[in-house]
Amino acid sequence: MHTIIVIIHVIAMMISLGLMSTAVVMGLFGKQSAVNVATLGLGATAVGGVSGTFLLLGAPLTIQCAILTAYLIGVTALYVFGFALGDAENARLIRKTSPIQNR
């Protein structure tokens, strides 16, 4: 069971890193769909966080756990403040005038 939780945790956190990075780049290019990608990224982060919590029950805190906890806090803050909890109209990271949109 431990191995399955580790696999879920690692895959979810990798997906989260990819989706949140993609959402930030898409937002900088003014794409409204960045909010949808960020929402998926937050979901993957939540799965990774829950599975990480189960892993912590059986093992002491390590530096990797501390780093991933900081990442979890950062992603949550990014979603709340940068993507306005999924509201594309009020998302601060979505540029309204992007050079790529003017082409």
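What this report covers is the structure whose coordinates are included nearby. Just so it is clear, the model here is predicted, and its values are computed rather than measured. (Residues numbered from 1 in each chain as written. Predicted model: local features only at pLDDT ≥ 70, side-chain atom pairs only at ≥ 80, totals over all residues. Heavy atoms only, no water.)

**Observations regarding the nonpolar core**
Step number 1: In terms of nonpolar packing, the biggest core is built from 15 residues, with Val-35, Ala-38 and Phe-83 touching the most fellow members.
Step number 2: Every element with two or more residues in this core is listed here: helix H1 (2-28), helix H2 (34-58) and helix H3 (63-82).
Step number 3: Setting aside residues up to four positions removed in sequence, Ala-38 forms contacts with Met-20, Ala-23, Tyr-79 and Phe-83. (Core = buried A, V, L, I, M, F, W, Y, C linked by side-chain atoms within 4.5 Å. Buried < 20%, exposed > 50% of the residue type's maximum accessible area, 1.4 Å probe, protein only. Helix = DSSP H or I, 4+ residues; strand = E, 2+ residues; numbered from the N terminus. Contact = heavy atoms within 4.5 Å.)

**Side note on the packing of H2 against H3**
Step number 1: Here H2 crosses H3 at 150 degrees, and the two axes come no closer than 10 Å. Between H2 and H3, the crossing angle belongs to the class labelled roughly antiparallel. Judged by the sense of rotation from one axis to the other, the crossing of H2 with H3 is left-handed. Residues Ala-38, Thr-39, Leu-42, Thr-45 and Leu-56 of H2 pack against Cys-65, Tyr-71, Leu-72, Val-75, Thr-76 and Tyr-79 of H3.
Step number 2: Of the residues that constitute the contact of H2 with H3, the class distribution is eight nonpolar, three polar and no charged. (Axes fitted to C-alpha atoms, helices over the stretch in contact; angles between N-to-C directions. Parallel < 35°, antiparallel > 145°, perpendicular 65-115°, else oblique. Left-handed = near helix turned anticlockwise from the far one by under 90°. Nonpolar A, V, L, I, M, F, W, Y, C, P; charged D, E, K, R; others polar.)

**Quick look at unusual backbone geometry**
Step number 1: A positive phi angle, near 50 degrees, is found at Ala-84, a position not held by glycine.
Step number 2: With respect to the element layout, Ala-84 can be found in the segment after H3.
Step number 3: Of note, Leu-85 is a non-glycine position whose phi angle comes to about 55 degrees, a positive value.
Step number 4: As for its placement among the helices and strands, Leu-85 is situated in the segment after H3.

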